[in-house]
Amino acid sequence: MTSSAAPASLEVSGLAFAYPDGHQALFGIDLTVGRGERVALLGPNGAGKTTLVLHLNGILTGGAGSVKVAGLPVEKRNLAEIRRRVGIVFQDPDDQLFMPTVREDVAFGPAASGMRGAELEARVHKALERVGMAEYADRPPHHLSFGQRRRVAVATVLAMEPEILVLDEPSSNLDPASRRELADILRALDVTVLMVTHDLPYALELCGRSVILSGGTIAADGKTADVLADEELMRTHRLELPFGFDPRAAAAKA
Amino acid sequence: MGAGHAHKLYRQAASPVHDLPPHCKIAAVFLFVIVVVSTPREAVWAFGLYAVLIAVVAGAARIPAGFLLKRLLIEVPFVAFAVLMPFVVPGDQVHVLGLALSKNGLWGAWNVLAKGTLGVAASVILASTTDLRALLLGLQRLKLPSLLVQIASFMIRYGDVITDEMRRMSIARRSRGFEAKGLKAWSVLAKSAGALFIRSYERGERVHLAMVSRGYAGSMPVIDDVTATGAQWRYAAVLPASALVICLLGWTL
Ligand SMILES: Nc1ncnc2c1ncn2[C@@H]1O[C@H](COP(=O)(O)OP(=O)(O)O)[C@@H](O)[C@H]1O
Ligand SMILES: [Mg+2]
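Everything in this summary refers to the structure shown in the same document. Numbering of residues starts from 1 in every chain and runs along the sequence as written. The naming scheme follows written order: chains are lettered A onward, ligands numbered 1 onward. A pLDDT threshold of at least 70 governs which residues receive local features in this predicted model, and a stricter bar of 80 or more applies before side-chain atom pairs are shown or counted, although totals over entire chains, interfaces and linings include all residues. Only hydrogens and water are set aside when side-chain values are computed; all heavy atoms of the structure are taken into account.

1. So, the overall build of chain A
For chain A, the count of helices and strands is 11 helices and 10 strands. Radius of gyration here is computed from C-alpha atoms only, and the compact-globule reference equals 2.2 Å multiplied by the residue count raised to the power 0.38. In terms of overall size, chain A behaves like a compact globule, its C-alpha atoms giving a radius of gyration of 18 Å where 254 residues would be expected to give roughly 18 Å. Structurally, chain A occupies a C-alpha span of about 55 × 45 × 40 Å along its principal axes. Out of the 254 residues in chain A, the part that is buried amounts to 56%. Contacts spanning at least 24 positions in sequence make up 64% of the contacts within chain A whose residues lie at least 6 apart. Exposure was quantified through the Shrake-Rupley algorithm and a 1.4 Å probe, taking into account, for residues, occlusion by the shown protein chains and nothing else. Total accessible area computed for chain A in this model is approximately 10800 Å², and 50% of it derives from carbon and sulfur atoms. Put simply, DSSP H or I for four residues or longer makes a helix, DSSP E for two residues or longer makes a strand, and each gets a number counted from the N terminus. Relative accessibility thresholds used throughout: buried, under 20% of the residue-type maximum; exposed, over 50%; partly exposed, between the two (1.4 Å probe, protein chains only). Any two residues whose heavy atoms approach within 4.5 Å are treated as being in contact.

Following this line, the structure appears as structure tokens:
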């Protein structure tokens, strides 16, 4: 990565972490994500993907190494600003949407950082507009379909205007139409995206670059089409393409 | 505030009472109940006047009498309690149809019944004209401890999620041939309850994580601030103020 005027959205270097029970989950991770890049984070269950994500906004800390978001180190005294800059969309929208109405949920992040009144209202409207859910503002989240809830979950972090959007399994449990709608939304956003996923065609469709995390280390980092086409690499890390899916042909079509 | 959380007691309508800000209504009902409770029980006519006040407010709120009366049924346990009092309270006795009833107990029963009914009626009017979300905003505005308001709003948000989980567990049990009968069933049900508790606890942890990730640091940010004008406060004050006049008359007459 050549150095440019704007610092990279995300710089992880030498990150290692062991859970309190002694289980070592990360062994020296180095990962840089440039501004505006969309990167897929692939890896088998238990590879440490969620552990890594929880380091990005300082929920987990205390191991070796460092994490910087747009140049700002993830440290206790920066946490409020870091959490504004890193928008994490968790896997289950029912965990993410905890307020009684969609509108209040989307407003939660910006309001927590002190925004009020008309400015807050405009911010909420814009975020809901970007995911096509503006007309659902006054609905309670549990009256929405799963796909709609996932979209609102994305809006809740977009409302914070984050430097980087981190999505944990964004396409899980979505029907094909909702999956495609979400892809359209994500593609239209002009933010840096780090997407944890098992959905390899989704990674190919949305992310130019893919990183494989396996056993707590980075096992591969390259163009998604190349990574997916490397059968040996894929097999070693328990990553399987859907039946009949040919990444080269799909990449050529895109 | 929208269609969101219509609860069973809420009754959608357009009325000046529906339009009042929630914290004005809560304060008015609260003060009304305090005034009613501090009225001497011997001033029977005062309770009649309170009932008239309630009827006037219900009329202004476009609540039909039948609806109000049906909702008063939650009072039934009180009534049972009141009916017992004349038999168990010691003191002077009066004889009615050959039954020895305690005079003190009769007054006590009247006291519980009259004050209870008025209090419940006022609360029913509050609940029929204010949706849950607004009630919570009102309580928050009245500076109820924010933790309580947070707990209440999580109950609204996650009530359905947990009921759903319960239903799924019950379906899973029955799909494996379980029928809830006999002593053995209890141990299975207790285990299910335990599992439900753990699932809810874990969900709580995940929700907390999501909240912290969006900047939660212990207190809920103010998103909707309900405000009331002086005129709205004065309008809401009509109920407790008239009640106060009646109460004072009750003490002096
Ligand atoms: N709270 C925890 N305490 C101890 N070990 C954990 C905890 N959470 C995860 N782990 C372990 O750390 C490893 C990485 O887990 P995780 O980051 O959740 O993987 P992934 O998200 O890639 O599936 C796994 O071996 C998992 O068992
Ligand atoms: Mg995970």
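2. A look at unusual backbone geometry
Excluding glycine, residues mostly carry a negative phi; peptide bonds, for their part, are mostly trans. Although it is not a glycine, A70 of chain A adopts a positive phi angle of roughly 45°. Locating A70 of chain A in the fold gives a position in the loop between β4 (64-69) and β5 (72-73). Despite not being glycine, K143 of chain B shows a phi value in the positive range, around 65°. Looking at the element boundaries, K143 of chain B is found in the loop between α7 (132-141) and α8 (146-175).

3. Things to note about a nonpolar patch on the surface
Residue and element names in this part refer to chain B. Together, W45, L49, V52, V56, V245, L249 and L253 give the surface a local cluster of nonpolar side chains, amounting to about 670 Å² of exposed area. Counting only elements with at least two residues in the nonpolar patch, the list comes to α3 (44-60) and α10 (230-252). If one sorts the elements of the nonpolar patch by residue count, α3 sits on top with four residues. Look at L249 and you get partly exposed, because its relative accessible area is 38%. Nonpolar side chains (Val, Leu, Ile, Met, Phe, Trp, Tyr) within 5 Å and like charges within 9 Å form the patches, drawn only from residues with over 30% relative accessible area and no salt bridge. Basic side-chain nitrogens of Lys or Arg form a salt bridge, by our definition, when they fall within 4 Å of a carboxyl oxygen of Asp or Glu.

4. Comments concerning the nonpolar core
Residues and elements named next belong to chain A. Buried Ala, Val, Leu, Ile, Met, Phe, Trp, Tyr and Cys residues that are joined via side-chain atoms within 4.5 Å together make up what is termed a nonpolar core. If you look at the biggest cluster of nonpolar residues, it comprises 93 residues, and the most contacted ones within it are L10, V106, L128 and L165. At six residues, helix α6 (residues 146-158) tops the list of elements feeding residues into this core. Dropping the residues within four chain positions of it, L10 is found in contact with L31, T32, V33, L56, V67, K68, V69, I164 and L194.

5. Overview of the sheet that holds strand β7 (residues 164-168) of chain A
Residues and elements named next belong to chain A. Should DSSP find at least two bridges between two strands, the strands are regarded as paired. Strand order in the open sheet made by the six strands is β6-β7-β8-β3-β9-β10, with mixed pairing throughout. Bordering the open sheet on either side are β6 (86-89) and β10 (217-223), each of which pairs with just one other strand. Strand-to-strand twist across the sheet, computed as the mean angle between neighbouring axes with direction ignored, equals 20°. Inspection of the sheet shows strand β9 (residues 209-214) paired to β10 by six bridges, in the antiparallel sense. The residue of β10 that forms the bridge with L213 is I218. Under this scheme, a helix contributes an axis fitted over its contacting stretch, all axes are lines through C-alpha atoms, and angles between N-to-C directions fall in the 0 to 180 degree range.

6. A few points about the packing of aromatic side chains
Residues and elements named next belong to chain B. Pairing of aromatic side chains requires ring centres within 6.5 Å, counting the rings of Phe and Tyr and the six-membered ring of Trp. Pairs whose planes differ by under 30 degrees are stacked, by over 60 edge-to-face, and all others tilted. Per the counting criterion, the structure on display carries eight aromatic pairs over all chains. Seen from their ring centres, F32 and Y50 are 6.0 Å apart, and the 80° between their planes marks the pair as edge-to-face. Residue F32 is located in helix α2 (residues 22-37), and its partner Y50 is located in helix α3; the two are separated by 18 residues in the primary sequence. Residues F32 and Y50 agree in their burial class; the two are buried. Taken together, a centroid distance of 6.5 Å and an interplanar angle of 35° make the contact between F154 and Y158 tilted. Residue F154 and its partner Y158 are located together in helix α8, separated by four residues, close to a single helical turn.

7. What to know about the site of ligand 1
Residue and element names in this part refer to chain A. Near is defined per residue: the residue qualifies when any heavy atom it owns lies within 4 Å of the molecule or strand. What surrounds ligand 1 is the set Y19, D21, H23, A25, P44, N45, G46, A47, G48, K49, T50 and T51. Contact between ligand 1 and G48: an oxygen atom at 3.0 Å from a main-chain N or O atom of the residue. For ligand 1, an oxygen atom lies 2.7 Å from a polar atom in the side chain of T50. With three residues, the single largest contributor to the shell around ligand 1 is helix α1 (residues 49-56). The definition of a polar contact used here is a pair of N or O atoms within 3.5 Å, where within protein one atom must be able to donate a hydrogen and the other to accept one, and adjacent residues in sequence count solely through side-chain atom pairs.

8. Focus on the sheet that holds strand β1 (residues 10-18) of chain A
All names here are of chain A. A sheet is described by the order of its strands in space; here four strands give the open sequence β2-β1-β4-β5, paired in antiparallel fashion. Each edge of the open sheet carries a strand with a single partner, namely β2 (24-33) and β5. Here β1 runs beside β2; their pairing, made up of six bridges, is antiparallel. What sits directly across from L15, in β2, is I29. Strands β1, β2 and β4 of the sheet are contacted by α1, whose axis makes an angle of about 120° with β1.

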